[in-house]
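# Breakdown of the fold
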Protein chains: 2
Amino acid sequence: MKAIQIIENQASLAEAEMPKLRPNDILIKIKSTAVNRADLAQKNGLYPPPPGASEILGLECSGIVKSIGENVTSRKVGDEVCALLAGGGYAEYVACPEFQAIPKPKNLNWEEASALPEVYATCWLNLFLEGGLQSNNKILFHAGASGIGTAGIQLCKAFDCESFVSAGTQEKVDFCIALGASGGTVRGDNMFEEINNWSPNGVDIILDPVGANYFEDNLKCLALEGKLIIIGLMGGIESNINLGHLMMKRQKIIGSTIRARSEEHKKIIMQDLHKKVWPLFESGNLKPIIHKILPIDDAEKAHKIMEDNLNIGKLVLSFN
Amino acid sequence: MKAIQIIENQASLAEAEMPKLRPNDILIKIKSTAVNRADLAQKNGLYPPPPGASEILGLECSGIVKSIGENVTSRKVGDEVCALLAGGGYAEYVACPEFQAIPKPKNLNWEEASALPEVYATCWLNLFLEGGLQSNNKILFHAGASGIGTAGIQLCKAFDCESFVSAGTQEKVDFCIALGASGGTVRGDNMFEEINNWSPNGVDIILDPVGANYFEDNLKCLALEGKLIIIGLMGGIESNINLGHLMMKRQKIIGSTIRARSEEHKKIIMQDLHKKVWPLFESGNLKPIIHKILPIDDAEKAHKIMEDNLNIGKLVLSFN
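Residues numbered from 1 in each chain as written. Chains lettered and ligands numbered in written order. Predicted model: local features only at pLDDT ≥ 70, side-chain atom pairs only at ≥ 80, totals over all residues.

### Here we look at the relation of the copies chain A and chain B
Overlaying chain A with chain B gives an RMSD of 0.0 Å, the required rotation being 180° about an axis along which the chain moves by 0.0 Å. The transformation relating the two chain copies, once decomposed into turn and shift, fits a two-fold axis. Judged by C-alpha distance, asparagine 240 of chain A is the residue of chain A that lies nearest the rotation axis, at 2.2 Å. Of the interface residues in chain A, 100% have counterparts in chain B that sit at the interface too, so the contact is made through matching surfaces. (Least-squares fit on C-alpha atoms with pLDDT ≥ 70 in both. Contact = placed C-beta atoms within 7 Å.)

Rendered as structure tokens:
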């Protein structure tokens, strides 16, 4: 089969071995995949795949079930699915545990459907399962115009919460507000002052891909019993911490990644998405936010767009 | 009524005003109360009572219900109770919300019953409600011979978990092991090495009253998805943190105090204690660990024992 391989640090389409099917796996003929920031880190050798996962990049896809392992009960050949992957999405075929694939929302095309699994699974896991999101909570998204930010803003609106974003440009902030955020601020010196003005009593959940650079300010703008969820480290890993503040305000700091979690845990997340989130796509309440669709051959070009922080929403790589 | 007052930094018995009964309160004639480390901090002006709470020291008591507010339904005059208090326990009478008082375990005397509410509520809250303790978890208690440590060790044993302690002397470590801890180590240079030897894959929950001094080592000896619960700051408030480690291991840092929590939250904790923990006292599986019973007049003497870290288990102040 054809798959993107890393040749001299460049993502290039080349021949690769077909994936092996384990008894609980399905084999998917991929129609479309999408780019995540983790792909850039993996390409640069900074984010190795978990044990047993494909070495090929790609954490999500849409496609058609081509064959099934002997223990598979929930999917059959011909099913149209989208799937959360531990790797292997930048390829013509991928094998994954059956419960990480769920039916494609009926009204979406292949490219749209491939833009959903990773960001919605990440938001669901962190906002609902880890963060215990409740209606009327106030949520802060750093990098609000990212795939995760644009998914999170819409989920907050759909579940009766207000959100606020930080983003790199005014254009991105305006986009987030049009999408449903209550407000936003351009990254910079006054950022945390603006956040504080928006919610003087603090925010209930912060979904943060930045890490060290924002860490102490994040904790200061967190409400009583608020949760800071660290999902990325674009701004460094070493910081100071004031434990007095953390204790008296009964706050939580939660480190979270989705890729290395157990298959059992991913099953719970994907079943929740199928039951509680996919219907909101089918009713039109949620929509995929896609910055650009490129052919799979242009993976390197798509990576460059993300590296330069030019995208609003997802970058999709199509096999069509 | 008589109550302990702070006169020239000394805890002395003196006259005080009777507490006021709100509609949801009960008035308790106190038989016995007990000392907590928070009392020492409050005496020194470092831990002011939450808004609305009594200025008098004392976070727990046993006694007899003397009168009830007009909305009280669960308690009646004459009931023998023990209660979790936001303050006011070092006095002949205290008023508290009805649901913070639960029946005294039948087989315990007043002094024993007064030694339970604060430490068992703290352990239940943090191990079960915040920490999500499950059977076969491995738990680390710093200050294992404290009231909280000796309660936690027994709860772990009763709920099929293993525990390990750090403590200030070998005598204290031996006491903890006799009480049910799987192992322990004297506070010092090799402490975290010993902890690592006990559980090479890390511990699932750390209940830590120390804070900054142990913080980075605590995080290093925490297992995948482990929880570090900060309940005190005896070893300082400012530390460094490595967010990379936290994120890749999906760990949680939880700041926790019980005193300022809502009455609704305290009600849940006390109902759990009554239903799930008090029967273990009545069956003899759990026992109060009391270092010494002193008359209430000797509150200052009891404080000195705790300041000098001489106690194993609780210091009780009796009105009998």
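### Things to note about the environment of histidine 274 of chain B
Residues and elements named next belong to chain B. Residue placement: histidine 274 occurs in helix α9 (residues 263–282). Residues histidine 274 and proline 105, spaced 169 residues apart in sequence, show a C-alpha to C-alpha distance of 8.7 Å. In this structure, histidine 274 is in contact with Ile102 and Pro103, ignoring residues within four places of it in sequence. (Helix = DSSP H or I, 4+ residues; strand = E, 2+ residues; numbered from the N terminus.)

### What about the domain arrangement of chain A?
Residue and element names in this part refer to chain A. Here the domain parsing of chain A yields domain 1 (2–116 + 259–318) and domain 2 (119–255). The distance between the C-alpha centroids of domain 1 and domain 2 comes to 26 Å. In this assembly, 16 residues from domain 1 lie in contact with 14 residues from domain 2. With six residues, the top contributor of residues to the side of domain 1 that touches domain 2 is helix α9 (residues 263–282). Across the side of domain 1 that touches domain 2, the residue classes break down as 10 nonpolar, three polar and three charged. (Domains from an automatic or database assignment. Nonpolar A, V, L, I, M, F, W, Y, C, P; charged D, E, K, R; others polar.)

### Things to note about the nonpolar core
If you look at the biggest cluster of nonpolar residues, it comprises 206 residues, and the most contacted ones within it are Ile28 of chain A together with Ile28 of chain B. Excluding residues within four positions of it along the chain, isoleucine 28 of chain A makes contact with Cys61, Gly63, Ile64, Val65, Lys66, Val81, Ala83, Tyr93, Val94, Cys96 and Ala101 of chain A. (Core = buried A, V, L, I, M, F, W, Y, C linked by C-beta atoms within 7 Å. Buried ≥ 20, exposed ≤ 12 C-beta atoms within 10 Å, placed from the backbone.)

### Here we look at the pairing of strand β11 (residues 203–208) of chain B
Every other side chain in a regular strand lies on the same face of the sheet, so the side chains alternate between the two faces. All names here are of chain B. With respect to burial, β11 is a largely interior element, six of its six residues being buried. Note that strand β8 (residues 138–142) and β11 share three bridges and pair parallel. Note that in β11 the partner of phenylalanine 141 across the bridge is leucine 207. As judged from the five bridges shared by β11 and strand β12 (residues 222–230), these two strands associate in the parallel manner. Looking across to β12, one finds that isoleucine 205 is bridged to lysine 227. Between the parallel elements β11 and β12, the chain passes through helix α7 (residues 212–220) in a crossover that is right-handed. (Pairing = 2+ DSSP bridges. Right-handed = clockwise from strand over helix to strand, strands pointing away.)

### With respect to the interface of chain A and chain B
The partner chain B presents 25 residues to the 25 residues of chain A that form the contact. If you list the elements that add at least two residues to the side of chain A that touches chain B, you get α7 (212–220), β13 (238–242), α8 (243–248) and β14 (252–255) of chain A. Residues belonging to the side of chain A that touches chain B are distributed by class as follows: 12 nonpolar, nine polar and four charged. As paired strands, β13 of chain A and strand β13 (residues 238–242) of chain B are joined by five bridges and run antiparallel to one another. By the bridge assignment for β13 of chain B, isoleucine 241 of chain A is matched with serine 239 of chain B.

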